[in-house]
Amino acid sequence: MYRVRLPVFEGPLDLLLYFIRRDELDIYDIPVARIADEFLAYVRLMEELDLDGVGDFLYLAAVLLHIKAQMLLPRSPAPADNEAEPVDPRQELVERLLNYLRYKDAAGRLDAQVEARQQLYTRGAAAGDEGGEQGPPPLAPVSLFELLDALRRVLERRVEPPAHTVRREIYSVEAQMDYVQAQLQDGRACPFGELVAGRPRGFVIATFLAVLELARQGRIWIRLLDGREDFLVEACEATAIEEADVAA
């Protein structure tokens, strides 16, 4: 398997918040039974992709399954007036999510201040001065979980070929990177589902990892399509110019 380390890789609490925001759930009344099953499905997909940091997701998946089991147990009878109310098994998780949201909000404000400061120029420095080497463009204006969601939908739409004995194909991420770039020549943009249409599962997984790696290197852009069931892959302008020069 091929490991991809992403600068925007988000943690397990981000995945929970993604579910809550996507389905417009009440953070104080999380349907743990449904969320636990979907969370585990995402973790299995991430294991297949062999992404770094899956261990943290496995731990939270175990926590969710534990909470799910507790909530399936019969409820205790109503306590007497002098007895304490039973503790909701989701309470600790909700508190962790709220604290994490406060942390993300504070981090977002700091990022906004840094971005605002970068728009200011001290005396002696021209506004158009590069001031050093420029890094690659951002990975994509989407989160990793949105891309995983689109990948899951693409895999679900696949039609399995008839079962028969064949030689097993091995797909490398490096070869799929060349394949993706070849498909995006001349500035062409292509939906991911079209890149892998009719291909076996191993081809789809290796191509997805290749797309992530190319985006990390700043050689392609990724945009979610309407409905979020697929995403568009497009070569960056600088990459397209370089390929045109090589062809010339």
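Residues numbered from 1 in each chain as written. Predicted model: local features only at pLDDT ≥ 70, side-chain atom pairs only at ≥ 80, totals over all residues. Heavy atoms only, no water.

A. Focus on the side chain of aspartate 149. On the secondary structure map, aspartate 149 appears in helix 5 (residues 144-157). Its relative accessible area of 3% is what places aspartate 149 among the buried residues. Within the local environment of aspartate 149, its side chain forms a polar contact with the side chain of arginine 152, the two groups lying 2.6 Å apart. (Helix = DSSP H or I, 4+ residues; strand = E, 2+ residues; numbered from the N terminus. Buried < 20%, exposed > 50% of the residue type's maximum accessible area, 1.4 Å probe, protein only. Polar contact = N/O pair within 3.5 Å; in protein donor to acceptor, adjacent residues only side chain to side chain.)

B. Structural detail: the packing of helix 1 (residues 12-22) against helix 2 (residues 32-49). Where helix 1 contacts helix 2, the two axes come as close as 11 Å, and the packing angle between them is 125°. Relative to helix 2, the element helix 1 is oriented oblique. In terms of crossing hand, the pair formed by helix 1 and helix 2 is right-handed. Residue-level contacts link Pro12, Leu15, Leu16, Tyr18, Phe19 and Arg22 of helix 1 to Ile35, Glu38, Phe39 and Tyr42 of helix 2. Counted by class, the contact of helix 1 with helix 2 contains eight nonpolar, no polar and two charged residues. (Axes fitted to C-alpha atoms, helices over the stretch in contact; angles between N-to-C directions. Parallel < 35°, antiparallel > 145°, perpendicular 65-115°, else oblique. Left-handed = near helix turned anticlockwise from the far one by under 90°. Contact = heavy atoms within 4.5 Å. Nonpolar A, V, L, I, M, F, W, Y, C, P; charged D, E, K, R; others polar.)

C. Main features of the environment of tyrosine 42. Assignment of secondary structure puts tyrosine 42 in helix 2. Assessed through its relative accessible area of 1%, tyrosine 42 is described here as buried. Sequence-wise, tyrosine 42 and aspartate 149 are 107 residues apart; in three dimensions their C-alpha atoms are separated by 8.2 Å. Filtering out sequence-adjacent residues up to four positions away, tyrosine 42 remains in contact with Leu15, Tyr18, Phe19, Arg22, Phe145, Leu148, Asp149 and Arg152.

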